[in-house]
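Observations on chain architecture
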Amino acid sequence: MRLTAKTDYALRAVCQLASRPGGATSDRISEAEAVPQRFLEAILRDLRRAGLVTSRRGPDGGHALAVDPEELTVADVIRAIDGPLALVRNLRPEQLDYRGASVALQDVWVALRASERAILEATTVAMVVRDELPDVVVDHLPDRRPAYEVGMDI
């Protein structure tokens, strides 16, 4: 799986918004995550169009999550930015036509997508912000680093 910079930045922005229940301005998010401001604004527009983020104009303006971070999964954000998970040549694995010696590749791609979904759909933005990842993630880590304390409840 290859994640684009746009998706990485979108996930980081969503985590910032989840850690700030009142929301945040794009310049605050940009500064906190070292994301280029103009690129971030385009990402926030895409997230708003997908219904994951809201925005307000004016002196008290900014962005906020439109979805409860306890319900918003990493998979939701990836799909909002890059579309479906695990496409092969822009096709779903079930749409592929393999023959001969490579026929089992279709099963490999289906299993890969299922594994990705198991991890990405089980991991909510709130879990990431709290650094309390589900077992399906932790079980795949070679050495779990000490938990980062964010000092806030979500």
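See the structure printed just above.
Report on the accompanying structure. (Residues numbered from 1 in each chain as written. Predicted model: local features only at pLDDT ≥ 70, side-chain atom pairs only at ≥ 80, totals over all residues. Heavy atoms only, no water.)

Looking at the environment of Arg-117
- If you trace the backbone, Arg-117 turns up in helix α5 (residues 105–120).
- When the C-alpha atoms of Arg-117 and Arg-38 are compared, they prove to be 30 Å apart, with 79 residues separating the residues in sequence.
- Once residues lying within four places of it in the same chain are set aside, the contact partners of Arg-117 are Arg-79, Leu-85 and Ala-122. (Helix = DSSP H or I, 4+ residues; strand = E, 2+ residues; numbered from the N terminus. Contact = heavy atoms within 4.5 Å.)

Thoughts on the side chain of Glu-116
- Turning to its location among the elements, Glu-116 is positioned in helix α5.
- Among buried Asp, Glu, Lys and Arg side chains, Glu-116 stands out as unpaired, with Arg-113 the closest opposite charge at 7.4 Å.
- Filtering out sequence-adjacent residues up to four positions away, Glu-116 remains in contact with Met-1, Leu-85, Ala-86 and Glu-121. (Buried < 20%, exposed > 50% of the residue type's maximum accessible area, 1.4 Å probe, protein only. Lys, Arg positive; Asp, Glu negative; His and termini not counted. Salt bridge = Lys/Arg side-chain N within 4 Å of Asp/Glu carboxyl O.)

Considerations on unusual backbone geometry
- A positive phi angle is found at Ala-34, which is not glycine, with a value near 55°.
- Given a relative accessible area of 62%, Ala-34 falls into the exposed group.
- Although it is not a glycine, Asp-131 sits at a positive phi angle of roughly 60°.
- Along the chain, the position of Asp-131 falls in the loop between α6 (125–130) and α7 (135–138).
- The buried category is assigned to Asp-131, whose relative accessible area is 8%.

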